[in-house]
Structure formats: C-alpha cells, structure tokens
Amino acid sequence: MKIENLDSIHQTAKEFIAAMGTNKVFLFYGSMGAGKTTFIRAICEELGVKESINSPTFAIINEYKASNGKPIFHFDFYRINKEEEAFDFGYEDYFYSGNICFVEWPEKIINLLPEDAVKVSIQELPDGSREVTLDTITA
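What counts, and at which threshold
- Residues numbered from 1 in each chain as written.
- Predicted model: local features only at pLDDT ≥ 70, side-chain atom pairs only at ≥ 80, totals over all residues.
- Heavy atoms only, no water.
- Helix = DSSP H or I, 4+ residues; strand = E, 2+ residues; numbered from the N terminus.
- Rg over C-alpha atoms; globule rule 2.2 N^0.38 Å.
- Buried < 20%, exposed > 50% of the residue type's maximum accessible area, 1.4 Å probe, protein only.
- Contact = heavy atoms within 4.5 Å.
- Areas by Shrake-Rupley, 256 points an atom, 1.4 Å probe, with all protein chains shown as cover.
- Core = buried A, V, L, I, M, F, W, Y, C linked by side-chain atoms within 4.5 Å.
- Pairing = 2+ DSSP bridges.
- Phe/Tyr/Trp six-rings, centres within 6.5 Å; stacked < 30°, edge-to-face > 60°.
- Lys NZ or Arg CZ within 6 Å of the ring centre and 35° of its normal.

Asker: Quick question: what am I supposed to make of the overall build of the chain here?
Answerer: Each helix and strand in the chain was counted, giving 4 helices and 7 strands. Listed N to C, the secondary structure of the chain is β-α-β-α-β-β-α-α-β-β-β in terms of helices and strands. The C-alpha atoms of the chain give 14 Å as radius of gyration, which agrees with the globular expectation for 139 residues (14 Å, within 12%). Considering only C-alpha atoms, the chain reaches an extent of 40 × 35 × 30 Å along its principal axes. Sorting the 139 residues of the chain into buried and exposed places 47% on the buried side. Considering only contacts within the chain whose residues lie at least 6 apart along the sequence, 55% involve residues at least 24 apart. Carbon and sulfur atoms provide 47% of the accessible area of the chain, an area that totals close to 7,200 Å².

What follows is the structure, given as structure tokens:
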C-alpha cells in the first residue's frame with residue numbers, strides 16, 4: 001500500500017481496513033516522523049471514531065470508540081524504558097481483549113507482543129510518499 005500524500009491517506013486507510021481481516025493487534029514500525037500516528041488517525045476515522053485522535057505518547061494508551069461501539073486501543077511505547085513498565089497498566093487485558101489495538105514503538109516491548117500480531121511498516125520514500133507493508137510475525 002502506498003500513501004502518496006495526506007490527500008490520499010484515507011484511501012490507503014480504507015485499503016488497510018480491507019486487509020485487516022480478523023486480526024486485532026497491529027504493530028506500527030517506522031522512524032520518528034514516518035507518519036505512524038497520522039496513519040492510525042486516518043484508520044480510526046475510517047472506522048467511525050468521532051473523538052479526537054492523538055498520539056498517546058505521554059498517556060501510553062488512548063481509547064476510542066468505533067462506529068460499531070467497540071473500543072479501539074492506541075498505544076505509544078516510545079517513552080517506555082523497560083518492558084516491566086507495560087505491566088503497570090495491564091497490557092495483556094488490552095492485547096487479548098478481542099478489540100483492535102494499534103501499537104506504536106512495539107520494539108520497546110518486543111517480548112510481550114502477541115504471537116498473532118501483524119507488523120505494519122511505514123517507510124518514507126524520497127518523493128515524500130510512504131510505503132505501508134503488513135506482515136504477520138512470531139513474537
């Protein structure tokens with residue numbers, strides 16, 4: 001999938017949603033400024049989230065409501081210094097809830113990730129566009 005520019009991000013978000021299948025946990029990899037939060041925002045908007053969608057950099061987790069009434073959990077582990085900090089907010093309850101989880105900076109908690117999580121890589125291209133790839137992983 002390719003995000004040509006911000007004007008086309010919602011079309012790419014629709015393609016992403018179509019490719020999600022029954023998967024629930026999505027791990028977003030990419031450099032700082034690659035557009036992880038911006039793409040998650042577009043996906044959430046396409047899933048019918050009405051509230052403000054922001055990076056949970058300081059809160060670690062944000063919860064949104066999709067149009068079907070189900071929660072969507074958005075994590076940002078950038079500020080986590082050690083995996084044990086994830087235990088403080090009960091990460092397992094979210095990851096294994098059966099609800100959609102979008103995880104930024106998953107490399108910070110690599111040993112805690114569910115085996116059936118989907119790796120989402122966002123790579124900046126020289127022309128300013130972004131390449132988005134999805135792969136299942138084994139944690």
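Next, the rest of the story.
Asker: For this particular structure, what's the right way to read the nonpolar core?
Answerer: Note on soluble globular proteins: their nonpolar side chains tend to be buried together. Residues F16, F28, F39, I72 and F102 are the most contacted members of the largest nonpolar core, which totals 25 residues. Elements with a contribution of two residues or more to this core: α1 (9-20), β2 (25-29), α2 (36-46), β5 (100-104) and β6 (118-124). For this core, the leading source of residues is α2, giving 5 residues. With near-sequence residues (within four places) excluded, F28 lies in contact with F16, K36, F39, I40, I43, F102, V103, E104, W105, P106, V120 and I122.

Asker: Please explain the pairing of β2 as it appears in this structure.
Answerer: Taken residue by residue, a regular strand's side chains alternate between the two faces of the sheet. In terms of burial, β2 is largely enclosed, as 5 of its 5 residues are buried. Going residue by residue along β2, you find V25, L27 and Y29 tucked away on one face and F26 and F28 tucked away on the opposite face as well. For β2 and β5, the ladder comprises 4 bridges, and the chain directions are parallel. Bridge pairing links F28 to E104 in β5.

Asker: Even after reading the chapter, I still don't get the packing of aromatic side chains, so can you show me in this structure?
Answerer: Between two aromatic rings, the relevant description is the distance of the centres plus the angle of the planes. Here the structure, examined in full by the defined rule, presents 15 aromatic pairs. Centre to centre, the rings of F75 and F95 are 5.2 Å apart; their planes meet at 70°, and the pair counts as edge-to-face. Within this pair, whereas F75 is found in strand β4 (residues 71-76), its partner F95 is found in helix α4 (residues 91-95), the two being separated by 20 residues in sequence. In terms of burial, F75 and F95 fall into one category: buried. Taken together, the ring pairs in this structure connect F73, F75, F77, F87, F89, Y91, Y94 and F95 into an aromatic cluster. K108 extends its terminal NZ or CZ atom over the ring of Y78, reaching a point 5.8 Å from the ring centre. Here the guanidinium or amino end of K119 rests over the ring plane of Y29, the centre of that ring lying 5.1 Å away.

That is the geometry; function is a separate question.
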